[in-house]
Each structure stands twice: as C-alpha cells, then as structure tokens.
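# Analysis of the macromolecular model
Listed here are the chains, written in short residue letters.
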Amino acid sequence: MIEELNNYNFLTENDNLLLKTYNLGFEKKQILIIVVNREKSLNAVNIDILKSLVNILKHVKNDSNILSIILTGAGTKAFIAGADIKSMSTYDPEDAYKYSVLGQDLVKLINSFHKPIIAAVNGYALGGGCEIASACHLRYASENSIFGQPEVKLGIIAGWGGTVNLKRLIGVGNATKLLISGDTINCDEALKMGLVNMVFPLENFLSLVIKEVKRFCQNSPNAIKNTLFSINSSNDDESYRTESDLFRDSFKHEDSRIGISAFLRKEKPKFK
Ligand code: COA
C-alpha cells in the first residue's frame, strides 16, 4: 500500500520517518501519512524523531492541500513501542526533563492541531507510543494492537502527557489502572474502554484507515478546525508541568536505574 502512495514534498532530514501522501481526487487535496520507520527497534521514538515530527507538523500547518494526517508505524508489529529506552539509559535527571518537555511539545501540538490527526495503531502502542496515540484526535487500531503504559516497570513515570491525556480519554479510573499496573490490553479491551475508536483487520489496515479518513475529508475544513479547537481547548499546562517535574524526579531515584537496566538485560526488575 505504502508503495502506491506519493512522496510528500518536504525534505525531512530524518531517515526514521517516511512521509507519503494520498490524493483525495478533488482539487489538490491530500491526506499526509507519516510513518515512524524504525522497525528493528519496534519504532521506538528518540529525540531526533520527536524533533522531526514537531518540524513536520509545523510545516503541514500551513499546507492548505493537506486536510488530515495519519500517523503509523513501519511493519506489522509495532505502532511505537515507546520512548527509546536505550537512549534513556544514559540520561541524567536534567536530560530526562528535557526529553519529557520535548515529548510534551509534540503531544500538545498534535492535540491542538487544526486538522484531524489519526493514529493508525498497527501493533504495540506502549509508553510514549500510547501517549502519542492518546494525543491524536482519533485512534484506529489493527486487530493485533496492544496498548499499555509500562513505565512503572522501568521505575519511571509516563512523561509525554500520559497522565494528562489518558484520563481525558478513558476516565481517571481506567487511566490510573493502566498507568500504575503497567498492564497491557488488547484492541478489544481498548475499544471497550474508549481508548480506540475502531478496530480493523491487519490485512489492508492502512487502506481501511484511509478509506475511513477520506469520509470526513469531504466535510468543511473550517467547521472541522473549529470543532477540534472547541473539543481540545482545555488548559492543562499545570498538569503537564507536574508530569515533567515528576518524570525528572523519577530519574533521581535508583528505581529508574534498576528498571531500565533490567529491560536492557531482558530481565525482570527487582525494585527494593
Ligand atoms: N526502546 C528501545 N528499544 C526498544 C524498545 C524501546 N521502547 N522497545 C523495543 N525495543 C527494541 C528491543 O530492545 C529489541 O532490540 P534488540 O533486538 O537490539 O534486542 C527490539 O526492539 C525488539 O524488541 P524485543 O523486546 O526483542 O521484542 P519482543 O517481541 O520480545 O517484545 C515488547 C516486544 C514491545 C513487549 C518489548 O520490546 C517491550 O517491552 N518494549 C518496551 C516497551 C516499553 O516499556 N515502552 C515504554 C518505554 S518508556
């Protein structure tokens, strides 16, 4: 399917992102498809990818031909398996704070965007992946999708708006359960909880998502813009600040070293 799409006319400096367009067939209107392309690391998102995603979205803001954006992951195993744990293993608390603020800049930009951004979740959406999906305006999932916020198993907390956006989406109870248990849930549970809007078969997943997104590209872009603005106009600045402060604090605690190094050794962490 990806091969049938056109390249987007914007030079991203980042090899880990593919930018494709789908022509809607009227005027020069298009859907932009952003693919996180780091399949070997299950599309884990590092600082460069975060920065590039922010740059791309800022560019697309002014491209009147793009009516909607679909964000997905390369391959069939993962949407985004989270923030890059290998990079995080080298972070001191101040690096961790900056990483959190950068991730929050992205999720805030996504959430406040005036064109619909749809997460096409095609596999694992864990940690930062679940947070990025939760910031999108809609989430369409393939049947093999798995959602979760396993940060507590790494001895840290969610740092890209998970504590802010999940409770908006699925309520405080469900959000708390996901965030403190670190449990993963499948797409049926996610659908029941309201975490995803629709579930599609994995085969032809992207085509099915595009077909669905095409439907609302027929509606008034101005009315959609104002609807998105009205839905997402809440001021969560203080909650975001608290989250990034506490994300930094979790890197001051020895649990972060125990949890992150256990993941890298493919072992179960033993917190004291
Ligand atoms: N950051 C960095 N690398 C990651 C990653 C992440 N978030 N998630 C997966 N990877 C890497 C693995 O380290 C592995 O690399 P390797 O081949 O060099 O060892 C590769 O991707 C494949 O992952 P692997 O764990 O071997 O696949 P699996 O099928 O056994 O397990 C998951 C899949 C998603 C359950 C498992 O990778 C996982 O738990 N990932 C971390 C999820 C997480 O905690 N995210 C929140 C981060 S804040």
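Because the structure is predicted, anything quoted here is derived from the model rather than measured.

Ranked by size, the top nonpolar core spans 61 residues in total, and within it L32, I34, L57, I69, M88, F147 and L195 carry the most contacts. If sequence neighbours within four positions are ignored, L57 has contacts with I34, I69, L106, L109, I110, F113 and I117.

Glancing now at the site of the ligand. Among the 19 residues in the neighbourhood of the ligand, the closest are listed as K77, A83, I85, K86 and K266. Residue K77 places a side-chain N or O atom 2.7 Å away from an oxygen atom belonging to the ligand. A81 is positioned such that a nitrogen or oxygen atom in its backbone is 3.0 Å from a nitrogen atom of the ligand. Relative to its unbound accessible surface of 860 Å², the ligand loses 70% to contact with the protein. Contributions of two or more residues to the shell around the ligand are made by α2 (85-88) and β7 (124-126). Among the elements that line the shell around the ligand, the one with the most residues is α2, at three residues.

Turning our eyes to something else, we now look at the sheet that holds strand β6 (residues 117-121). With mixed pairing, the seven strands of this open sheet are ordered in space as β1-β2-β3-β4-β6-β8-β11. Edge strands, defined here as strands with exactly one partner in the open sheet, are β1 (6-7) and β11 (198-200). Across four bridges, strand β4 (residues 66-73) lies against β6 in parallel orientation. In the strand pairing of β6, I69 is matched with I117. On the sheet, helix α7 (residues 205-216) packs against β2 (17-23), β3 (30-36), β4, β6, β8 (138-142) and β11 and is oriented at approximately 155° with respect to β8.

As for its placement among the helices and strands, I56 is situated in helix α1 (residues 47-61). Given the relative accessible area of 1%, I56 is considered buried. C-alpha of I56 to C-alpha of G194: the two residues are 138 residues apart in sequence and 28 Å apart in space. Those residues in contact with I56, other than ones at most four positions away along the chain, are F10, T12, L17, L19, L32 and I34.

So, on to the side chain of D63. Among the structural elements, D63 can be located in the loop between α1 and β4. One polar contact links D63 to Y8, side chain to side chain, over a distance of 2.6 Å. Within polar-contact distance, the side chain of D63 engages the backbone nitrogen of N65 at 2.9 Å.

Analysis parameters
Residues numbered from 1 in each chain as written. Predicted model: local features only at pLDDT ≥ 70, side-chain atom pairs only at ≥ 80, totals over all residues. Heavy atoms only, no water. Core = buried A, V, L, I, M, F, W, Y, C linked by side-chain atoms within 4.5 Å. Buried < 20%, exposed > 50% of the residue type's maximum accessible area, 1.4 Å probe, protein only. Contact = heavy atoms within 4.5 Å. Near = heavy atom within 4 Å. Polar contact = N/O pair within 3.5 Å; in protein donor to acceptor, adjacent residues only side chain to side chain. Areas by Shrake-Rupley, 256 points an atom, 1.4 Å probe, with all protein chains shown as cover. Helix = DSSP H or I, 4+ residues; strand = E, 2+ residues; numbered from the N terminus. Pairing = 2+ DSSP bridges. Axes fitted to C-alpha atoms, helices over the stretch in contact; angles between N-to-C directions.

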